[in-house]
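# A closer look at the structure
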Amino acid sequence: MGYCFGIDIGGTTVKIGLAAEDGALLEGWEIPTRREPTPEGLLLDIRVSILDRLDRLDRGLDGEKKQKIRRADILGIGMAAPGAVTADGILHGAVNIGWGDVALAEEAERILGISPVCVGNDARLAALGEAAYGAGVGARSMLMVTLGTGVGGGVVLNGKVLMGESGVAGEIGHMTVNPFETVRCNCGKAGCLEQYASATGMVRVAKQVLAKRREDSLLRQKEVTAKALWDAARAGDVLANEITDVVSAYLGMALANAMYLVDTEKIVFGGGVSKAGELLLQKVEKAYRSRVFAHSREKEFLLAKLGNAAGMRGAAALLLQKIK
């Protein structure tokens, strides 16, 4: 049996998972993300962590002498990075950890001393993880949307994640949904879905509405957060329900536009905002259904299942697909 590592580089922590050749996750752990202008320091941290774990596993996984994992058993590494990644393993900038363009796959192979290293965008690989082991199991195709501080996305078709020529396929968060918006998104454009449907975007919309309206609302009694917004809507707050209808309309519009291009079987929601649960699904699906052809309305809307493990499991899946 061979093994591989799946690595998900985040802004705060790096999640590392050890997976078997059949994709089963054997164990996972985290290390802090070192923020420097180049990836060398962080890759050295990852190397130390992996070698330390392999040294322990060589003595028997979890102390069981019957199952040993040696360095020679490692088939390679899959790596999820927070930026656009092209098929040649080049990361075109990672703003939230301070990196510019870097040949990440090549650098990782050199520093980690394990090859091959396959690199992909974190949202795209989270989608692959959910498709292979989570909410998308059994589906031929799936679109995943991650709703967190930003909005990410990924498309999986016939078991393969769609990367695109420039590494931005599935980047639904920067689809223009309001051409009349004047405030700039973090990406430099204006009117992006992320400005309305991310956690920060929802708070922005809520504060704008609260400033214009005078009705009583639960939102006036506490700090306005995405969680507070959806909690208030679930409690029947009229203003909160209007606000969540607005942000859901933008998200439904973007998904309808995406379906005209990729027409996937399932639509899966992950990220912190997805904890709004069934109410989020109901509102977004209603908005979606009003904007698509009749025969495209019956998509399956689902919540992600893997949580924070989706990225590292998708990274491992990417590597296993390559070597097979």
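These remarks concern the structure in this document.

How each quantity is defined
- Note that residues are indexed from 1 along each chain, following the sequence as it is written.
- Reporting in this predicted model follows two pLDDT cut-offs: at least 70 for local features of residues, and 80 or more for side-chain atom pairs to be given and counted; totals over whole chains, interfaces and linings ignore these cut-offs and use all residues.
- Computation of side-chain values: all heavy atoms of the structure, hydrogens and water removed.
- To obtain an axis, a line is fitted to C-alpha atoms, over the contacting stretch when the element is a helix, and the angle between two such axes runs from 0 to 180 degrees between their N-to-C directions.
- Note on conventions: DSSP H or I runs of at least 4 residues are helices, E runs of at least 2 residues are strands, and numbering of each starts at the N terminus.
- Geometric relationships in this document are graded by angle, where less than 35 degrees denotes roughly parallel, more than 145 denotes roughly antiparallel, 65 to 115 denotes roughly perpendicular, and other angles denote oblique.
- Residue contacts are defined here by distance: any two heavy atoms, one from each residue, within 4.5 Å place the two residues in contact.
- Gly is placed with the polar residues, together with every amino acid not listed as nonpolar (Ala, Val, Leu, Ile, Met, Phe, Trp, Tyr, Cys and Pro) or charged (Asp, Glu, Lys and Arg).
- A helix is expected to span 1.5 Å multiplied by its residue count minus one.
- Using a 1.4 Å probe on the protein chains alone, a residue whose accessible area is under 20% of its type maximum counts as buried, one over 50% counts as exposed, and one in between counts as partly exposed.
- The criterion for strand pairing is that DSSP finds at least two bridges linking the strands in question.
- A side-chain nitrogen of Lys or Arg and a carboxyl oxygen of Asp or Glu constitute a salt bridge if their distance falls within 4 Å.
- Among buried residues, the Ala, Val, Leu, Ile, Met, Phe, Trp, Tyr and Cys ones that are joined through side-chain atoms within 4.5 Å form a nonpolar core.
- The aromatic pairing rule takes the rings of Phe, Tyr and Trp, using the six-membered ring of Trp, and pairs them if the centres are within 6.5 Å, calling planes under 30 degrees apart stacked, those over 60 edge-to-face and the rest tilted.

### Describing the packing of helix α3 (residues 122-133) against helix α9 (residues 310-323)
- Packing of α3 against α9 leaves a shortest axis separation of 7 Å and a crossing angle of 80°. Considered as vectors, α3 and α9 are oriented roughly perpendicular to each other. Packed against α3, whose contacting residues are Leu125, Ala126, Leu128, Gly129, Glu130 and Tyr133, the element α9 presents Ala310, Gly311, Arg313, Gly314, Ala315, Ala317, Leu318, Leu320 and Gln321 at the interface.
- Classifying every residue of the contact of α3 with α9 gives 9 nonpolar, 4 polar and 2 charged.

### Comments concerning helix α5 (residues 199-212)
- Under the 1.5 Å per step criterion, the end-to-end length of α5 is 20 Å for 14 residues, consistent within 8% with the ideal 20 Å.
- All of the buried residues along α5 are Gly201, Met202, Val203, Val205, Ala206, Val209 and Leu210.
- Here the buried face of α5 lies against α4 (194-197), α6 (226-234) and α7 (238-262).

### Focus: the side chain of Ser248
- With respect to the helices and strands, the residue Ser248 is situated in helix α7.
- On the basis of relative accessible area, Ser248 is assigned to the buried category, the value being 1%.
- Other than its neighbours up to four places away in sequence, Ser248 contacts Trp230, Lys283, Val284 and Ala287.

### Digging into the pairing of strand β7 (residues 99-102)
- With 3 bridges joining them, strand β6 (residues 91-94) and β7 adopt antiparallel strand pairing. From the neighbouring strand, Leu91 faces β7, where its bridge partner is Val102.
- Hairpin connection, β6 to β7: the antiparallel pair is bridged by 4 residues, and Gly98 has positive phi, about 85°.

### Focus on the sheet that holds β6
- Within the open sheet, the 3 strands sit side by side as β5-β6-β7. Their pairing is antiparallel. Of all the strands in the sheet, just β5 (84-85) and β7 have a single pairing partner and so form its edges.

### Re the pattern of salt bridges
- Under the counting rule described, the total for this entry stands at 15 salt bridges.
- Residues Asp231 and Lys227 are paired through a salt bridge, measuring 2.7 Å at the closest nitrogen-oxygen approach. Note that Asp231 and Lys227 are positioned in helix α6 at a spacing of 4 residues, about one turn of the helix.
- Judged by relative accessible area, which is 30%, Asp231 ranks as partly exposed.

### Considerations on the nonpolar core
- Judged by nonpolar contacts, the single largest core of 47 residues is most densely connected at Val145, Leu147, Leu193, Trp230, Leu251, Leu255 and Phe269.
- Elements that contribute at least two residues to this core include exactly β9 (141-147), β10 (151-157), α4, α5, α6, α7, β12 (266-270) and α8 (278-289).
- If one sorts the elements of this core by residue count, α7 sits on top with 12 residues.
- Val145 has contacts with Val151, Gly152, Gly153, Ile172, Leu251, Leu255, Val268, Phe269 and Gly270, leaving out every residue within four places of it along the chain.
- Counting 35 residues, the second-largest nonpolar core is a separate cluster that includes Phe5, Val14, Trp29 and Ala81.

### Thoughts on the environment of Val284
- Mapped onto the elements of the fold, Val284 is located in helix α8.
- Judged by relative accessible area, which is 0%, Val284 ranks as buried.
- With 205 residues separating them along the chain, Val284 and Met79 place their C-alpha atoms 31 Å apart.
- Not counting chain neighbours up to four residues away, the residues in contact with Val284 comprise Ser248, Leu251, Gly252, Leu255, Phe269 and Phe301.

### Re the packing of aromatic side chains
- Evaluated as defined, the whole model comprises 5 aromatic pairs.
- Consider the rings of Tyr196 and Tyr250, whose centres lie 4.1 Å apart with planes at 20°: the pair is stacked. Here Tyr250 lies in helix α7 and Tyr196 lies in helix α4, a separation of 54 residues in the sequence. Exposure class is identical for Tyr196 and Tyr250. Each is buried.
- Among the aromatic residues, ring-to-ring pairing joins Phe269, Tyr288 and Phe301 into one connected group.

In short, shape yes, function no, at least from these values alone.
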